[in-house]
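# Observations on the model geometry
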There are 2 protein chains.
Amino acid sequence: MTEPLFGRLTLIGIGLIGSSIALAAKRHGLVSEISIQTRSKKTLERAIALGLGDTYSLDPAEAAKVADLIIVCVPVGASEEVAQQIAPSLKPGAIISDVGSVKSSVVQQMRPHLPNGIHFVPAHPIAGTEHSGPDAGFAELFENRWCILTPEEGTDKAAVDKLAAFWRAIGANVEVMSPEHHDLVLAITSHIPHLIAYNIVGTAADMEENVRQEVIKFSASGFRDFTRIAASDPTMWRDIFLHNKDAVLEMLGRFTEDLTSLQRAIRRGDGDTLFELFTRTRAIRRNILDAGQDTAVPDFGRTPAAKGHGTTEKNGA
Amino acid sequence: MTEPLFGRLTLIGIGLIGSSIALAAKRHGLVSEISIQTRSKKTLERAIALGLGDTYSLDPAEAAKVADLIIVCVPVGASEEVAQQIAPSLKPGAIISDVGSVKSSVVQQMRPHLPNGIHFVPAHPIAGTEHSGPDAGFAELFENRWCILTPEEGTDKAAVDKLAAFWRAIGANVEVMSPEHHDLVLAITSHIPHLIAYNIVGTAADMEENVRQEVIKFSASGFRDFTRIAASDPTMWRDIFLHNKDAVLEMLGRFTEDLTSLQRAIRRGDGDTLFELFTRTRAIRRNILDAGQDTAVPDFGRTPAAKGHGTTEKNGA
Ligand SMILES: NC(=O)c1ccc[n+]([C@@H]2O[C@H](COP(=O)([O-])OP(=O)(O)OC[C@H]3O[C@@H](n4cnc5c(N)ncnc54)[C@H](OP(=O)(O)O)[C@@H]3O)[C@@H](O)[C@H]2O)c1
Ligand SMILES: NC(=O)c1ccc[n+]([C@@H]2O[C@H](COP(=O)([O-])OP(=O)(O)OC[C@H]3O[C@@H](n4cnc5c(N)ncnc54)[C@H](OP(=O)(O)O)[C@@H]3O)[C@@H](O)[C@H]2O)c1
């Protein structure tokens, strides 16, 4: 085993993502000590029972003390409160990061509270499942998945490189971009698809009783996997939509404009417009296959393309 | 091997569905002879090379002659023309059926052309893949999938039972309902999900070049499997939307109404509305799991729930 990259790693929040980081960091010997904090006694007890860390606390300030790397793993709407709580106890030179599915808002929430002399490197691992809590974590979650870092210009290069090395060591491919660009790309690849899935399942749930029963019965004709997406954690997704509002509304505007013109084509019996779109969308599919971003195995983005055996329930957000 | 259910089976159209029926009927010894017709020389030659039938023809009237069961397996928009072509050569007492993903329109297109004394039993097997043509077929396609029959009131019961027995013998679960009810249920479980998938992939395809590249790169975050659906056959899907217009527009109206109210909630920062919906949609997912309509394996409706190993590319329409 090589020298650990970091001394103490503190995880603020120990749900699916936090526990997966703990397990992966331990497996690869990347840190010499793991300190775990969560809000509720119940979750902390699960973390203890699972042996995820070395020290445990309900107090964020306490847990963040003397840490070399702090990763905040809570719903994005809780970022500001966490930053306020841990700021006073951060060690000069420490790296502070997060895993939130939205980046601009997290930067706006946390940045003002962080003292000089610490390195703030926001991150988003594009890996997940629709399950939550410390029991859902597993060390392989990040293997072959992307992790996007969004440091501000002028951030200490050594700190960025060190965090990138951490993510690479637990199997991720690292990419650096601006928070705004991240939020726009994720709006279209992840947030709008989830919103649509929630919406269509909601529409079906409101159907007359006799139709609703048959929707369930014949769900295999396409609807079924929308229901899987629409079973994702409500708190996490509420926060994503509230905190990536601008990009989501922008993309949603484009989506509904396009849908309106499709609706018009159907109403007018304009088969050429439908055929043209249905042909054009095939090119995007081919690009994804060419880029090695999918295999022949359908799994709704739950397994890395490189593995793609479709037997686990991963679903990156 | 038991006595065959039918003498001659004629398949009009020998793409994915037709070839799968041919292979399954042969495997289970359900017919004594298979006659195959398709429009193009090229497809007919593939059918011959694959040994799918006993006799082959480019002429529908010729192929339908002396058949005991005729199954029309062409895009739903071609149903009327096919009915006109085969009507004169139908044998009294023959059963004529189809596999179209839309039912009311098929009935309207075919019924007026069919002579008295034959039994018309429309059908829709909810099983498929995004691949087309005779090479895509396989005998197991219908195993553990639903096949919906939509006979008019007054149709000969023995004929309906015999067709049901045929579908059961190749592995399907049979359900009988009206064409209108079928079209409404399939609009929400299959047609709208496909329309939405085509639409979001189209929206992404129209993005600025730099974003489009990243959509492909980060497609694993949810977008990826929408692209798989949106790679489905353009002709088949154009015909479905043109021929299930009323039900599709009705359901699309409900969908966009709901989406507009979600959009409003996001714009106003109304987290409670989002949270309430995201919680409610979980119940539908639970119902589907309870009904045994899905397993833990994500595959976007491509494999029967009973198997659900996610390693083939089935996608029912
Ligand atoms: N799940 C995914 O697919 C995925 C993928 C990539 C990124 N992410 C991001 O990762 C983060 C965590 O997601 P997760 O799936 O790990 O969530 P999770 O399993 O639900 O765990 C959430 C953790 O945050 C704590 N927490 C919840 N609300 C809080 C609040 N208001 N204040 C302080 N702590 C709070 C919870 O504490 P208690 O249990 O003690 O209440 C728990 O420790 C989110 O920002 C999400 O956007 C998720
Ligand atoms: N694929 C699915 O997922 C699925 C599932 C359930 C039901 N269905 C229904 O099954 C039917 C067939 O679908 P498929 O997937 O088997 O299609 P396919 O693989 O594309 O095969 C279509 C067949 O129909 C023929 N055809 C196409 N256009 C025609 C026209 N205008 N006139 C006469 N013949 C024509 C083709 O002949 P040539 O090749 O010789 O031109 C070919 O033999 C459709 O009604 C579809 O709605 C499909």
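Residues numbered from 1 in each chain as written. Chains lettered and ligands numbered in written order. Predicted model: local features only at pLDDT ≥ 70, side-chain atom pairs only at ≥ 80, totals over all residues. Heavy atoms only, no water.

## Considering the relation of the copies chain A and chain B
When chain A is brought onto chain B, the operation consists of a screw motion whose angular component is 180 degrees and whose axial shift is 0.0 Å, with 0.0 Å RMSD remaining. Such a combination of rotation and displacement between the chain copies is what one expects of a two-fold axis. Interface residue correspondence from chain A to chain B reaches 100%, placing this contact among same-surface, isologous pairings. (Least-squares fit on C-alpha atoms with pLDDT ≥ 70 in both. Contact = heavy atoms within 4.5 Å.)

## Things to note about the site of ligand 1
Residue and element names in this part refer to chain A. Taken together, 27 residues are adjacent to ligand 1, and Thr38, Ser40, Thr43, Val74 and Ser101 come closest. Leucine 16 is positioned with one of its backbone polar atoms (N or O) 2.8 Å from an oxygen atom of ligand 1. In the environment of ligand 1, an oxygen atom lies 2.7 Å from a nitrogen or oxygen atom belonging to the backbone of glycine 133. Isolated, ligand 1 exposes 910 Å² of accessible area, and the fraction of that covered by the protein chains is 86%. Elements that contribute at least two residues to the shell around ligand 1 include exactly helix H1 (16–27) and strand S7 (123–125). Its residues placed into classes, the shell around ligand 1 shows 13 nonpolar, 13 polar and one charged. (Near = heavy atom within 4 Å. Polar contact = N/O pair within 3.5 Å; in protein donor to acceptor, adjacent residues only side chain to side chain. Areas by Shrake-Rupley, 256 points an atom, 1.4 Å probe, with all protein chains shown as cover. Helix = DSSP H or I, 4+ residues; strand = E, 2+ residues; numbered from the N terminus. Nonpolar A, V, L, I, M, F, W, Y, C, P; charged D, E, K, R; others polar.)

## Describing the packing of aromatic side chains
A full pass over the atoms with the stated rule returns 15 aromatic pairs over all chains. With 3.8 Å between their ring centres and 20 degrees between their planes, tyrosine 198 of chain A and phenylalanine 278 of chain B make a pair best called stacked. A residue pair is termed interchain when its members come from two chains, as with tyrosine 198 of chain A in helix H7 (residues 179–205) and phenylalanine 278 of chain B in helix H12 (residues 271–290). On the accessibility criterion, tyrosine 198 of chain A (0% relative accessible area) is buried. Grouping aromatic residues by their ring pairs yields a cluster made of Phe6, Phe142, Phe166 and Trp167 of chain A. The residue whose ring lies beneath lysine 162 of chain A is phenylalanine 6 of chain A, and the NZ or CZ to ring-centre distance is 4.5 Å. (Phe/Tyr/Trp six-rings, centres within 6.5 Å; stacked < 30°, edge-to-face > 60°. Buried < 20%, exposed > 50% of the residue type's maximum accessible area, 1.4 Å probe, protein only. Lys NZ or Arg CZ within 6 Å of the ring centre and 35° of its normal.)

## As for the interface of chain A and chain B
Contact residues are listed per partner, giving 104 residues for chain A and 104 residues for chain B. For the pair chain A and chain B, the summed buried area comes to about 9,900 Å², and 67% of that belongs to carbon and sulfur atoms. On the surface where chain A and chain B come into contact, there are six salt bridges. Linking glutamate 208 of chain A and arginine 254 of chain B is a salt bridge whose minimum nitrogen-to-oxygen distance equals 3.3 Å. Counting the contacts that link chain A with chain B gives 26 residue pairs in polar contact (both at pLDDT 80 or more). Counting only elements with at least two residues in the side of chain A that touches chain B, the list comes to strand S8 (146–149), H7, helix H8 (209–217), helix H9 (224–229), helix H10 (234–243), helix H11 (245–268) and helix H12 (271–290) of chain A. At 20 residues, the largest contribution of residues to the side of chain A that touches chain B is made by H7 of chain A. (Buried area = accessible area lost by both parts, 1.4 Å probe. Salt bridge = Lys/Arg side-chain N within 4 Å of Asp/Glu carboxyl O.)

## Considerations on the domain arrangement of chain A
Residues and elements named next belong to chain A. Here chain A is described as being made up of domain 1 (6–177) and domain 2 (181–268). Across the boundary between the two partners, domain 1 contributes 17 residues, which contact 15 residues of domain 2. With both sides pooled, the region where domain 1 packs onto domain 2 buries about 1,200 Å², and carbon together with sulfur makes up 65% of that total. A per-residue breakdown of the area domain 1 buries against domain 2 is headed by Ser101, Val102 and Glu130, which together make up 39% of the total. Counting across the domain 1 and domain 2 interface gives zero salt bridges. For the pair domain 1 and domain 2, the number of links is six residue pairs in polar contact (both at pLDDT 80 or more). Of the residues contributing to the side of domain 1 that touches domain 2, the split by class is seven nonpolar, eight polar and two charged. (Domains from an automatic or database assignment.)

## Structural notes on the nonpolar core
Core analysis: the biggest nonpolar cluster contains 128 residues, and Ile70 and Ile96 of chain A together with Ile96 of chain B have the highest contact counts within it. Excluding residues that lie within four positions of it along the chain, isoleucine 96 of chain B makes contacts with Ile70, Val72, Ile86, Leu90, Met110, Leu114, Ile118, His119, Phe120 and Val121 of chain B. (Core = buried A, V, L, I, M, F, W, Y, C linked by side-chain atoms within 4.5 Å.)

## Considering the site of ligand 2
All names here are of chain B. In the vicinity of ligand 2 there are 27 residues, among which Thr38, Ser40, Thr43, Val74 and Ser101 approach most closely. Here arginine 39 contributes a side-chain N or O atom positioned 2.9 Å from an oxygen atom of ligand 2. Taken by itself ligand 2 offers 910 Å² of open surface, and the protein chains cover 87% of this. Contributing elements (two or more residues each) for the shell around ligand 2: helix H1 (16–27) and strand S7 (123–125). Its residues assigned to classes, the shell around ligand 2 shows 13 nonpolar, 13 polar and one charged.

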